[in-house]
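These are the residues of each chain, in order.
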Amino acid sequence: MLNKNILYTLVSLAVIGGHCTINAQSTAKSGYSLEQDQIETVQNPWNSMPTPAAIGFSTQTEGNQVSLGLDHQSGDYRLSEQAERNNALLFDASMFQKIGEKFRFYGHFGLNYSHQDDRAYYDLIFPTENAFVMGANRKGKYNQYIYDLNFKVATTDFNGWNFGMGIDYKAADLSRILDPRPRVLAAQYQLTPAVTYQLNESNRLGVSAYYRFEKQRMTGITQVDGDTNYTYYFTTGLDNAYTTVDFGGFFRIYSDNIVGLDMQYGFTSQDWTWTSSVGIAHHDLKMTGSERRIPGTYTQDVFRASTNVTWKRPNGLHVFGLKGSYQDGSNTAYIQKYVQTTDDYGNVSEKWVTEYKNKTYTHSNYDVSASYDFFLGDIDNKDYSMKFGVSGSMHHFERKYLLPTSKHDMTNAIADAYYSLRVYNKNEHRVWFTIGGGVVAPLDQSMLLINNNDYAGLVLRANETYYNLSAYNYKVDVNYSFPIAVGTTELVGYIKAMYKQTNSEENDLDYMHTSITVGLLNF
């Protein structure tokens, strides 16, 4: 159950968001719609690129949004470390506004509160390819909170220049309700300065850099009922794991320093837009244990690129997308000795001395995807009555423990398609009906494990079976939008319901995802 403090906070934020929505603009546009909002979003592809400076020249109007949703996921077509059931409450609020004549501002707050059942083997909040992870074999109930807050501010045109700054903050709390009872706290901070320059009427260049600090901390594992009938695993790479039932003085912190650089290019004409971005990031993560012992470090390099093209025609809008990423990382294990020394004055100092360190684990993966969407309608007037799209992607990873050698390689492909139709449109009341589906096809997989322990069998072998399964999914959603008048201000309310089912007939496995969202917009 959602506790009273969280419920009170959400109600207060919804009231505040609604108040801002009603009063943010005294001359709201008549007849604004979700269709118009999406067309403007698609035709402003710079806003989705990693540069806060883009809001300084965006053609999207000022506005506010607030939404509240319920989300449910459950099933047995999943990885061993994932929860069998996940129920979540989602709150989202955002604002885009001018500040005088020279600045624009964007702010966003999101809250994800989830209750997870039958989760095991993984007690970190944010996924990582770092080999040093931990979790118990006993399935349990978890509560998780994720708070997401970010701001962007940018200048309008200064002789072709736009300057921007982004500030992102994310905090999370994960606690297990049954023994063993760890509590994990996490925080992420990011600062992103950016600049763009307009070469001429059609061409623009941009560059942004960022520094992000991520931290996850577990300060203890508590046995409430004294039951030791479980195993807690600490992994060092694939099937290499050790166990313990002695939790006294346990302490671990994951601290990751990340620096990144992105470059952007954009072309705009009357009927075309073309935007591209390339970026690189470097991760430097250190694990710290009790008394500041260092079990190991993890480094990772990430390369990514994306391009997006829109083409406006008399009968509609074509949107093409292509993106890819490559990651390469490795773990270095530290062998340390605890040393106490006493100086001539009787002062005792304690420290961990590194006797040697060795690279023990490597991983690499790539993801590529392409998509095409078509909007049929009067694009000049920001309206459409039908859309459809197709997408495809390929995913590959290679994980390897070096001494002795254990490996896991996997490649799969995913294809999806959807068709969406506006089935009702009268007096600004609109109903959209969307159907979609897709397939997951395993292309290649190999696994070599040296250790025949419980973790290898219960987790890695089970995941090997998951990756070898073909699956298909189908999806249906209904979206109803309607006008809300508050004095002379017109708002747009909406209700969206979604149902998605994934099945793998090979092992008679399935996974269900349902959600319902209510929201309010003012532009």
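Residues numbered from 1 in each chain as written. Predicted model: local features only at pLDDT ≥ 70, side-chain atom pairs only at ≥ 80, totals over all residues. Heavy atoms only, no water.

(A) Fine view of the pairing of strand S13 (residues 296-313). Alignment of strand S12 (residues 272-289) against S13, held across 16 bridges, turns out to be antiparallel. Bridged to Trp274 within S13 is Val309. Here S12 hands over to S13 after 6 residues, with Glu291 in that stretch at a positive phi of 55 degrees. One ladder, built from 18 bridges, connects S13 with strand S14 (residues 316-342); its direction is antiparallel. (Pairing = 2+ DSSP bridges. Helix = DSSP H or I, 4+ residues; strand = E, 2+ residues; numbered from the N terminus.)

(B) A nonpolar patch on the surface, seen in detail. Taken together, the side chains of Phe388, Tyr419, Leu421, Val423, Tyr424, Phe433, Ile435, Val476 and Val478 present a nonpolar region at the surface, about 720 Å² in accessible area. Contributions of two or more residues to the nonpolar patch are made by strand S17 (406-426), strand S18 (429-448) and strand S19 (471-486). It is S17 that contributes the most residues to the nonpolar patch, 4 residues altogether. Relative to the helices and strands, Tyr424 resides in strand S17. (Patch = residues over 30% accessible without salt bridge, like charges linked within 9 Å, V, L, I, M, F, W, Y side chains within 5 Å. Areas by Shrake-Rupley, 256 points an atom, 1.4 Å probe, with all protein chains shown as cover. Salt bridge = Lys/Arg side-chain N within 4 Å of Asp/Glu carboxyl O.)

(C) Spotlight on a negative patch on the surface. Taken together, the side chains of Asp76, Glu505, Asp508 and Asp510 define an acidic patch exposed on the protein surface. Here Glu505 shows up in the loop between strand S20 (489-504) and strand S21 (509-522). (Lys, Arg positive; Asp, Glu negative; His and termini not counted. Charge placed at Lys NZ, Arg CZ, Asp CG, Glu CD.)

(D) Molecular detail of the nonpolar core. Among the nonpolar cores identified, the biggest contains 24 residues, and Ile125, Met134, Met218 and Tyr232 are the most heavily contacted of them. Breaking this core down by element, the ones donating at least two residues are strand S4 (134-136), strand S5 (140-155), strand S6 (161-176), strand S7 (181-198), strand S8 (203-222), strand S9 (232-237) and S12. Leaving out residues up to four positions away in the same chain, Met134 has contacts with Tyr121, Tyr122, Asp123, Leu124, Met218, Tyr232, Tyr233, Phe234, Phe250, Arg252 and Tyr254. Grouped together as the second largest cluster of nonpolar side chains are 13 residues, Ala120, Tyr121, Leu238 and Tyr455 included. (Core = buried A, V, L, I, M, F, W, Y, C linked by side-chain atoms within 4.5 Å. Buried < 20%, exposed > 50% of the residue type's maximum accessible area, 1.4 Å probe, protein only. Contact = heavy atoms within 4.5 Å.)

(E) Representation of the packing of aromatic side chains within the structure. Applying the stated rule across the entire model yields 26 aromatic pairs. Centroid distance Tyr384 to Trp432: 5.1 Å. Interplanar angle 50 degrees. Geometry classified as tilted. Of this pair, Tyr384 sits in the loop between strand S15 (348-376) and strand S16 (386-401) while Trp432 sits in strand S18; the two residues are 48 residues apart in sequence, bridging distant segments of the chain. Here Tyr384 and Trp432 have matching classes, each one buried. An aromatic cluster of three or more residues is present, and its members are Tyr77, Phe397, Tyr466 and Tyr467. One residue, Arg293, lies across the ring of Trp352, its end atom 5.8 Å from the ring centre. Sitting over the ring of Phe397, Arg399 keeps its end group 3.8 Å from the ring centre. (Phe/Tyr/Trp six-rings, centres within 6.5 Å; stacked < 30°, edge-to-face > 60°. Lys NZ or Arg CZ within 6 Å of the ring centre and 35° of its normal.)

(F) Layout of the sheet that holds S4. Overall, antiparallel pairing links the 3 strands, which are arranged S4-S9-S10 in an open sheet. The outermost strands of the open sheet, each flanked by one partner alone, are S4 and strand S10 (240-244). For this sheet, the mean angle separating the axes of adjacent strands, direction not counted, is 30 degrees. Here 5 bridges tie S9 to S10, and the two strands are oriented antiparallel to one another. Across the sheet, residue Gly237 finds its bridge partner in S10, namely Asn240. (Axes fitted to C-alpha atoms, helices over the stretch in contact; angles between N-to-C directions.)

(G) Main features of unusual backbone geometry. The omega angle of the peptide bond from Leu403 to Pro404 is -15 degrees, so this bond is cis rather than trans. Notably, Asn427 is not glycine yet its phi reads approximately 55 degrees, a positive angle. Along the chain, Asn427 falls in the loop between S17 and S18. Since its relative accessible area comes to 63%, Asn427 is described here as exposed. Here the phi dihedral of Asp508 falls at roughly 55 degrees; this positive angle occurs in a residue that is not glycine.

(H) Highlighting the environment of Gly279. Positionally, Gly279 belongs in strand S12. Under the relative-accessibility criterion, Gly279 is labelled buried at 11%. The spatial distance from the C-alpha of Gly279 to the C-alpha of Asn507 is 40 Å, given a sequence separation of 228 residues. For Gly279, the contacting residues outside a window of four places in its chain are Leu261, Asp262, Val302, Phe303 and Arg304.

(I) Fine view of the environment of Tyr511. Relative to the elements of secondary structure, Tyr511 occurs in strand S21. For the pair Tyr511 and Arg85, spaced 426 residues apart in sequence, the C-alpha to C-alpha distance is 9.6 Å. Each residue touching Tyr511, except ones within four places of it in the same chain, is listed here: Gln73, Ser74, Gly75, Tyr77, Arg78, Ala83, Lys500, Gln501 and Thr502.

(J) Spotlight on helix H3 (residues 454-467). The terminal C-alpha atoms of H3, which comprises 14 residues, lie 19 Å apart, in line with the 20 Å expected from a rise of 1.5 Å per residue. Within H3, burial applies to Tyr455, Ala456, Val459, Leu460, Asn463, Glu464, Tyr466 and Tyr467. At its buried positions, H3 is contacted by S9, S10, S16, S17 and S18. With a side-chain oxygen positioned 3.4 Å from the backbone nitrogen of Tyr455, the residue opening H3 is Asn453. (Expected span 1.5 Å × (residues − 1). Polar contact = N/O pair within 3.5 Å; in protein donor to acceptor, adjacent residues only side chain to side chain.)

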